[in-house]
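Results of the structural survey
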Amino acid sequence: MPADPSLQFRPFVPADAAAVARLYEASCRGQWPLTAADILAQSGQRWVAAEGEVRVASVRLAPFGAGAEDALRLSLCGESRCFSGLYLTALSAVDRRSAAGRPLCRVLGVVREDWSEQVHWFQATGFANVWQSFGAHLDLTGFDPERFAPQLKRLYLAGAEVREWQPAEGLEELYALHLQFEEDAPSTPAIPAGHLSREEFAAALRKQRTWVVWQGPEALAYTSFAFSGGQPDSTGTVTRRDRRGRGLATALKAQALTELRQAGWTQASTGGAVANLPMLRANLRLGYRPEPLWLTFERRL
C-alpha cells in the first residue's frame, strides 16, 4: 500500500486513458506523443496512482517480445514518488509467463538519458544499465558533398561504382551482405537483429531506397533508408567483411545523402547500438549530431 494515505494504487480502467497519455507525453519530453486510443491499444497490465480524481503516475508491465522473449518490459510515467509502489503492485499481479508458456525471468526498461526521473529511479532500485543505443540527426541543408569527393574518387579509380539499387539487380549479392550484417552488427533488446528470409529482405528493399558499391558484379557495401517517419532514416549499412576499415561505408553513405539532398530532403536520421563503433564514427564524420542516449536497464526476477 502507498505510504501516503492520499495516494491510491489501482488497476487501470479505460477512463484513465487520456490522463495517462498526458502523463506519458510529459515524462518522455514530447518524444513519443500518445493519444488515449494508443494507450487503450497497448497490451500488458497497467496500474495507476491517483490522488482523488487526479492521476499522478502510471506503470505498465508487458512481455517485451522480439529481442528479449524472456523479459517483461517496464514503462513508467508521472511522478517518481509513486514508481516503487506502482512497480511492486504491478509485479505482484502480472503473469510471469510468456504467450508460449515460458517463464519471464527479468524486467527491462528502455528510457532516454534525459528522462531524469525515470533514469534515477532505475539506478536507485538496483537495475543495471546493460545496453546503450543512440539516435542522431543530420541537417542536410548544411551537408557538404565536396568533403567526401576524394574518397569517392578513389573508389572510382579502383574500379568501383556507387549507384542506387534497382529491383532484382544483384539481389543475391545484397542478401549475402545482409546475412553478414545479421551476424556481425551489435544489437540490443530495443534494436534486435531479427533474421529476415530472402523474400522478406527483398520486400523490405522494395519499400526503401538503397545505394550499393559495386565492383563489377560484386556488391562491396550497401546502405538503405526508409521514409515512414517523414524523413530519410537509415535502416542498415554494411560492408563486406574483407573490405571493412577502408572508408567504404562513409563514402557510400555520403553519396546517398548527397542524392537525398538533391531530391529536396532537408533532414535525415540514423541510430544503432553504441557498441557498433565503426558505424558510430562514420556517422559522426558525415555530420550526424547524436541525441541523448537510449539506456536499457535490466533486473533479474
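Higher on the page you've got the structure.
Below, the structure is looked at part by part.

Conventions adopted
Residues numbered from 1 in each chain as written. Predicted model: local features only at pLDDT ≥ 70, side-chain atom pairs only at ≥ 80, totals over all residues. Heavy atoms only, no water. Buried < 20%, exposed > 50% of the residue type's maximum accessible area, 1.4 Å probe, protein only. Helix = DSSP H or I, 4+ residues; strand = E, 2+ residues; numbered from the N terminus. Contact = heavy atoms within 4.5 Å. Phe/Tyr/Trp six-rings, centres within 6.5 Å; stacked < 30°, edge-to-face > 60°. Pairing = 2+ DSSP bridges. Axes fitted to C-alpha atoms, helices over the stretch in contact; angles between N-to-C directions. Left-handed = near helix turned anticlockwise from the far one by under 90°. Nonpolar A, V, L, I, M, F, W, Y, C, P; charged D, E, K, R; others polar. Polar contact = N/O pair within 3.5 Å; in protein donor to acceptor, adjacent residues only side chain to side chain. Disulfide = S-S within 2.5 Å.

1. As for helix α3 (residues 83-93)
- Among all positions in α3, only F83, L86, Y87, T89, A90 and L91 are buried.
- Residues of α3 that are buried sit in contact with β1 (7-11), β2 (45-51), β3 (54-65), β4 (68-78), β5 (106-112) and α4 (116-124).

2. With respect to the packing of aromatic side chains
- Enumeration over the complete set of coordinates arrives at 14 aromatic pairs.
- Judged by centre distance (6.0 Å) and plane angle (85°), the ring pair of W211 and F225 falls under edge-to-face. With W211 in strand β8 (residues 209-215) and F225 in strand β9 (residues 218-226), the pair connects residues that are 14 residues apart, well separated along the chain.
- Taking 5.2 Å as the distance between ring centres and 40° as the angle between the ring planes, the aromatic pair formed by F227 and W265 counts as tilted. One end of the pair, F227, is in the loop between β9 and β10 (233-239); the other, W265, is in the loop between α8 (248-262) and β11 (267-273), and 38 residues separate them in sequence.
- Judged by relative accessible area, which is 24%, F227 ranks as partly exposed.
- According to the relative accessible area criterion, W265 is partly exposed, its value standing at 28%.
- The structure contains a cluster of three or more aromatic residues connected by ring pairs, namely F83, Y87, W121, F122, F127 and F297.

3. With respect to the pairing of strand β13 (residues 294-300)
- When you tally the buried positions in β13, you get five out of seven residues, the bulk of the element.
- Pairing of β5 with β13 involves seven bridges; the strand directions are antiparallel. Within β13, the residue paired with R112 across the bridge is W294.
- Pairing of strand β6 (residues 128-139) with β13, which is carried by five bridges, proceeds in the antiparallel orientation. Bridge pairing in β13 places Q132 opposite L295.

4. Comments concerning the packing of α3 against α4
- In contact at an axis separation of 11 Å, α3 and α4 are set at 60° when each is read in the N-to-C sense. As for how α3 packs across α4, the hand of that crossing is right-handed. Residues F83, S84 and Y87 of α3 lie in contact with α4, whose contacting residues are E117, Q118 and W121.
- The residue makeup of the contact of α3 with α4, split by class, is three nonpolar, two polar and one charged.

5. Some remarks on the side chain of T223
- Note on placement: T223 falls in strand β9.
- Its relative accessible area of 0% is what places T223 among the buried residues.
- A polar contact of 2.7 Å, which involves the side chain of T223, links it to the side chain of T237.
- With sequence-adjacent residues up to four places away left out, T223 is seen in contact with R209, T210, W211, G236, T237, L252, K253 and A256.

6. A short note on the state of the cysteines
- Taken as a whole and assessed by the stated rule, the structure comprises zero disulfides.
- This cysteine, C82, is not joined by any disulfide, and C77 carries the nearest cysteine sulfur, 10 Å off.
- By relative accessible area, which is 0% here, C82 ends up buried.

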